[in-house]
Amino acid sequence: MTTTTGLWEDLLVGDELAYLATETAREARTAPLPDSLQPVLQEALARRGIGGLYAHQAEAYAAAREGGNVIVTTGTASGKTLAFNLPVLDALAADRHARALYLYPTKALAQDQARSLGELGIAAVRAAIYDGDTPTERRRQVRGWANLVLTNPDMLHIGVLPRHDLWDDFLHNLRFVVVDEAHVYRGVFGSHVANVLRRLRRLARIYGAEPQFLLASATIANAGELARALTGEHATIVEDDAAPRAERTVALWNPPLLDAELGLRASALGEASRLLAGLVGRGLRTICFAKSRKSAELIHRFASDRLDAATAARLAPYRAGYTPQQRREIERRLVDGELLGVTSTDALELGIDIGDLDCAISVGFPGTVASLRQQWGRAGRRDHGLAILVASEDALDQYFMREPPALLDRRVEAAILDHANPRVLDGHVAAAAFEAPVDAGDGATLGPEALARAPHVPELRRTQRGWVWAGKDAPAARVPLRSTSPDSFLVVDASSGDVLGLAERERAYSTVHEGAVYLHLGRQYLVRELDLQARRALVEPFDGDWYTQAKKETQTSIEEPLRVERRLGLELSFGRVSVTEQVVAYQKKAAADGSTLDTVPLELPPTTFDTEAVWFVPRPHQLEGLEAMPLLLSSLHAAEHSLIALLPLWAMCDRWDIGGLSTNLHLDTGAPTVFVYDGHAGGVGIAQRGFDQFEAWVADTVRLLEGCPCEHGCPSCVQSPKCGNLNEFLDKGGALTLLRRMSNSS
Ligand SMILES: [Zn+2]
Ligand SMILES: [Zn+2]
């Protein structure tokens, strides 16, 4: 094994280096190809030079042969694909009637998988993609010919299940359902996909099949729980990663503190470009991931400026919208050494397989440890690689800089979803009733919650055959998989007419109000008009250097406490709340330093939605000395913000998925109260996870506040980029006092 350490050693020095360690290389643990494997499959593997397996691949094959569901959760590039392909291809080769369905979250990933299946060259395996791009005349051909169909959840939901009569033969013979990148199915999207998979199980059963589910996921804390939540059934966990690993150096890099009192740091983009230029200048092939396209372009430019013209010419940005040919051209140029450095937005991390690079730089924590590992996984697959996280000023990033084990060693981050959220479930109950009458027997596949909801779903009629659909059009088309709200706003690029996405009504007023800067797939847009009647936001590409923050008034009322426990010396509740928000203004803030450029009033109606929350009422002794106003409110408010900042460490979600409210006197509790709520109507399990992990969550938050070097609070601890009160009334000291007292209670 060559060692390249010497090449970057002199670059990784100085106060910026928050952590440096080398993960040791690991030998593979192998297993022979199982004897039971079909000869054609053995031959195909031999042609590709595969004469044996990693132990976890053999384990997954054996578990699948037993007939149950399996979830494989091993590291990046550990051969998860072969782990689920083996049992499937084996079954297809042995039984010409057997069918398999592969589910991918994006079209690009389905294309990659279809290509590699094709390259195996097994005549008995007839793989075909069936998605929105499949021409109508080709669709019938795929249904009749293919025994392995690759699709995505949206197509399954709208295009396949409602037309199951066209798929009768396929469903009757359905042996395997593969769900790759399963950790992506979390939150709102995951809650919907869990229902789509239950509808698939039900229809398969109606046609006489009980398919096995084979799932593959990034390493997460709750793989078994995720498999059950997604499919409704138990799955065997295969997690003992036996793939070889090259040595990898991991560095955490914190931009220098410019003003300790204000907690102001140098730009992460500047630091990243310095590292990128340094690594590329040493001839090391490097990929750099940034949060937005603009950031990626700036890093590319700054890095080019630092290099001589010949080296700078070997840097390239990598953008969304490249065709597979363009992507492969960039990959080829990297492999050939023609290109040395590539900058990309992290929106692309799933869609690219750029091969073996020497170094990977992540600029800003990408939101989940799984994503970070995926980005880092590009570096050093064969030889000693270098992986770097350059911290942003965000509280979670800064927490990791001071507590590296929280990022590198603890496996706490859990993919969560809630298929039973009525706002999600109801649409699928309607869709299921459209597909076939829903009766008591369907509880086994759809879940008991679905049957309980049936009487509440409009347009369902009770008949002797069960609940049937009495509406006109197919209901699935009305149920978008990425929203919990049926009345969502379309976000439309006025310059091209393209629909960029959906904004749930509850969040539309604060994210796509007139004048808002809206980020989509790493690109910036300015909202020209928000049409409340047409439920449409017209946006245009935007190149300015400011962002916007909405000012809103929020109220919560407690609808129903579901769990109340004495925890950390106080009464901790989890339950249903209703949240009313009114966006009243927005501020334009300079991208460079966050200073306020302008405040613009807005006139928008209030919105109310039901969701789940965790809330607590501190005891008087925990608030001793903090009782005076406004200190009381400021302490609670700062505690709320810092708690919200760290919840994504426990629940795989974005801070933007979480809302909060703190008040010195709440009408329902009659006392000072802090609420942290799920930002999606109905809730997807985020607040519940906070309730379950409350002690550890609060302990982490205490460490966050203790460790932040600022004097009175800063963006890296108590300030929040989404505060509806524009970060007024925040007292870091008071929050720390309260949370410490809570943490020391039992
Ligand atoms: Zn701070
Ligand atoms: Zn706030």
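Residues numbered from 1 in each chain as written. Chains lettered and ligands numbered in written order. Predicted model: local features only at pLDDT ≥ 70, side-chain atom pairs only at ≥ 80, totals over all residues. Heavy atoms only, no water.

**Q** Explain the overall build of the protein to me, and be specific about the residues and the numbers.
**A** In terms of regular secondary structure, the protein is built from 25 helices and 31 strands. Taken against the 2.2 N^0.38 rule, which gives 27 Å for 746 residues, the C-alpha radius of gyration of the protein at 26 Å falls within 12% of a compact globule. With respect to the three principal axes, the spread of C-alpha positions in the protein is 75 × 75 × 55 Å. Burial statistics for the protein: of 746 residues in total, 58% are counted as buried. Relative to all contacts within the protein whose residues are 6 or more apart in sequence, the contacts with residues 24 or more apart total 73%. When the accessible area of the protein is evaluated, it comes to approximately 29600 Å², of which 49% is carbon and sulfur surface. Computed over 78 positive and 96 negative side-chain charges, the separation of the two mean positions in the protein equals 5 Å. (Helix = DSSP H or I, 4+ residues; strand = E, 2+ residues; numbered from the N terminus. Rg over C-alpha atoms; globule rule 2.2 N^0.38 Å. Buried < 20%, exposed > 50% of the residue type's maximum accessible area, 1.4 Å probe, protein only. Contact = heavy atoms within 4.5 Å. Areas by Shrake-Rupley, 256 points an atom, 1.4 Å probe, with all protein chains shown as cover. Lys, Arg positive; Asp, Glu negative; His and termini not counted. Charge placed at Lys NZ, Arg CZ, Asp CG, Glu CD.)

**Q** Describe the coordination of the zinc ion (ligand 1), listing the residues and the values that go with them.
**A** Ligation of the zinc ion (ligand 1) by protein atoms is provided by Cys708 (SG), Cys710 (SG), Cys714 (SG) and Cys717 (SG), these donors lying 2.3 to 2.4 Å from the ion. Around the zinc ion (ligand 1), the 4 donor atoms are arranged such that angles at the metal cover 98 to 116 degrees; this shape is classified as tetrahedral. Every donor residue of the zinc ion (ligand 1) comes from the same chain, spaced as C-x1-C-x3-C-x2-C. (Donors = N, O, S within 2.8 Å, 3.2 Å for Na, K, Ca; no water. Tetrahedral: all angles 85-135°; square planar, octahedral: opposite > 155°, others 65-115°.)

**Q** Help me get a handle on the sheet that holds strand β25 (residues 536–541), residues and values and all.
**A** Pairing is mixed across the open sheet formed by 5 strands, whose spatial order is β22-β21-β25-β24-β23. Lying at the two open borders of the sheet, with one neighbouring strand each, are β22 (499–504) and β23 (517–520). For this sheet the average axis-to-axis angle between neighbouring strands, irrespective of direction, equals 35 degrees. Judged from the 6 bridges that link them, strand β24 (residues 523–531) and β25 form a sheet pairing that is antiparallel. If you follow aspartate 531 over to β25, its bridge partner there is arginine 536. (Pairing = 2+ DSSP bridges. Axes fitted to C-alpha atoms, helices over the stretch in contact; angles between N-to-C directions.)

**Q** Before we move on, can you summarise helix α11 (residues 268–281) with the specific residues and values?
**A** Taking 1.5 Å per residue, 14 residues should reach 20 Å; α11 reaches 20 Å between its end C-alpha atoms and fits that length. In terms of burial, α11 is largely enclosed, as 11 of its 14 residues are buried. Within α11 the residues assigned to the buried category are Ala268, Leu269, Glu271, Ala272, Ser273, Leu275, Leu276, Ala277, Gly278, Leu279 and Val280. Capping the start of α11 is the job of one residue whose side-chain oxygen sits 3.1 Å from the backbone nitrogen of leucine 269: serine 267. (Expected span 1.5 Å × (residues − 1). Polar contact = N/O pair within 3.5 Å; in protein donor to acceptor, adjacent residues only side chain to side chain.)

**Q** Can you tell me about the packing of aromatic side chains, naming the residues and giving the values?
**A** Applying the stated criterion across every chain, the model contains 13 aromatic pairs. Between phenylalanine 489 and tyrosine 509 the ring centres are 6.0 Å apart and the planes differ by 75 degrees, which places this aromatic pair in the edge-to-face class. Taken together, the residues phenylalanine 489 in strand β21 (residues 488–493) and tyrosine 509 in helix α21 (residues 505–511) connect sequence positions 20 residues apart. Across the pair, tyrosine 509 and phenylalanine 489 agree in class, each one buried. Among the aromatic residues, those joined into a ring-pair cluster are Tyr130, Trp167 and Phe170. The ring of tyrosine 130 carries arginine 139 above its face, with NZ or CZ at 5.6 Å from the centroid. (Phe/Tyr/Trp six-rings, centres within 6.5 Å; stacked < 30°, edge-to-face > 60°. Lys NZ or Arg CZ within 6 Å of the ring centre and 35° of its normal.)

**Q** Any details on empty space enclosed by the protein? Residues and values, ideally.
**A** Counted under the stated rule, the structure contains 6 cavities of 30 Å³ or more. What lines the largest cavity is a set of 11 residues, among which Arg293, Ala296, Tyr318, Arg319 and Thr345 lie closest to the centre. For the lining of the largest cavity, the elements supplying multiple residues, two or more each, are α12 (293–306), β15 (315–318) and β16 (341–345). Considering each element in turn, the lining of the largest cavity owes the most residues, 3 residues, to α12. Taken together, the residues that form the lining of the largest cavity break down as 5 nonpolar, 2 polar and 4 charged. (1 Å grid on protein atoms, 1.4 Å probe; cavity = no way out; pocket = protein on both sides within 12 Å on 5 of 7 lines; lining within 4 Å. Points joined across faces, edges and corners; volume = space filled by probe spheres on them. Nonpolar A, V, L, I, M, F, W, Y, C, P; charged D, E, K, R; others polar.)

**Q** A description of the coordination of the zinc ion (ligand 2) should follow, citing residues and the corresponding values.
**A** Donor atoms from the polypeptide that bind the zinc ion (ligand 2) are His637 (NE2), His641 (NE2) and Cys723 (SG), placed at 2.1 to 2.4 Å. The sequence motif formed by the donor residues of the zinc ion (ligand 2) is H-x3-H-x81-C. In this pair, histidine 637 sits in helix α22 (residues 631–650) while cysteine 723 sits in the loop between α24 (694–707) and α25 (732–744), placing the two residues 86 residues apart along the sequence. We classify cysteine 723 as buried; its relative accessible area is 3%.

**Q** Describe unusual backbone geometry, naming the residues involved and giving the relevant values.
**A** In this model, methionine 629 is joined to proline 630 through a cis peptide bond whose omega is 5 degrees. Along the polypeptide, proline 630 turns up in the loop between β29 (607–617) and α22. One non-glycine residue with positive phi stands out, namely glutamate 181, at about 55 degrees. Mapped onto the fold, glutamate 181 is located in the loop between β8 (174–179) and α9 (187–206). For glutamate 181, a relative accessible area of 14% puts it in the buried group. A positive phi is found at leucine 568, a non-glycine position, where the angle reads about 50 degrees. As for its position among the elements, leucine 568 is in the loop between β26 (546–567) and β27 (570–590).

**Q** Give me the lowdown on the nonpolar core, citing residues and values where you can.
**A** Counting 66 residues, the largest nonpolar core has Leu407, Phe694, Trp697 and Met742 as the members making the most contacts within it. With 11 residues, α22 is the single largest residue contributor to this core. Ignoring anything within four residues of it in the chain, the contact list for phenylalanine 694 reads Arg567, Leu568, Leu570, Leu572, Phe616 and Met742. Core analysis: the next-biggest nonpolar cluster, separate from the first, contains 42 residues, Val142, Val149, Leu417 and Leu481 among them. (Core = buried A, V, L, I, M, F, W, Y, C linked by side-chain atoms within 4.5 Å.)

**Q** Run through the packing of α11 against α12, naming residues and quoting values.
**A** Where α11 meets α12, the axes come as close as 8 Å, and the angle between the chain directions of the two elements is 50 degrees. It follows that α11 is oblique to α12 by the angle criterion. Read as a crossing pair, α11 and α12 show a hand that is right-handed. Residues Leu269, Gly270, Ala272, Ser273, Arg274, Leu276 and Ala277 of α11 touch α12, and the partners they reach there are Ser295, Leu298, Ile299, Phe302, Ala303 and Arg306. (Parallel < 35°, antiparallel > 145°, perpendicular 65-115°, else oblique. Left-handed = near helix turned anticlockwise from the far one by under 90°.)

**Q** How would you sum up the pattern of salt bridges? Please name residues and give values.
**A** Scanning the model with the defined rule gives 41 salt bridges in all. Between arginine 567 and glutamate 565 there is a salt bridge, with the nearest N and O atoms lying 2.9 Å from each other. Accessibility expressed as a relative area gives 32% for glutamate 565, which makes it partly exposed. Salt bridges here are not isolated pairs; linked through shared partners, they connect Glu329, Arg332, Arg333, Asp336 and Glu338. (Salt bridge = Lys/Arg side-chain N within 4 Å of Asp/Glu carboxyl O.)

**Q** Any chance you could break down the environment of phenylalanine 84 for me, citing the residues and the numbers?
**A** Along the chain, phenylalanine 84 turns up in helix α4 (residues 80–94). The contacts of phenylalanine 84, once residues within four sequence positions are left out, are Tyr102, Tyr104, Gln113, Val178, Asp180, Leu214 and Ala216.

**Q** For the side chain of aspartate 493, give the residues involved together with the corresponding values.
**A** Turning to its location among the elements, aspartate 493 is positioned in strand β21. Here aspartate 493 occupies a buried position and makes no salt bridge, while the nearest side chain of opposite charge, arginine 523, is found at 6.4 Å. Once you skip the residues sitting within four places of it in the chain, aspartate 493 turns out to touch Asp498, Leu500, Tyr525, Val539, Glu540 and Pro541.

**Q** Let's hear about the pairing of β29: which residues, and what values?
**A** The buried count for β29 comes to 8 of 11 residues, which makes it a mostly enclosed element. Sheet analysis places β27 next to β29, joined by 11 bridges and oriented antiparallel. If you follow valine 577 over to β29, its bridge partner there is threonine 611. Here β29 runs beside strand β31 (residues 673–678); their pairing, made up of 4 bridges, is antiparallel.

Just geometry here; none of it tells us what the structure is for.
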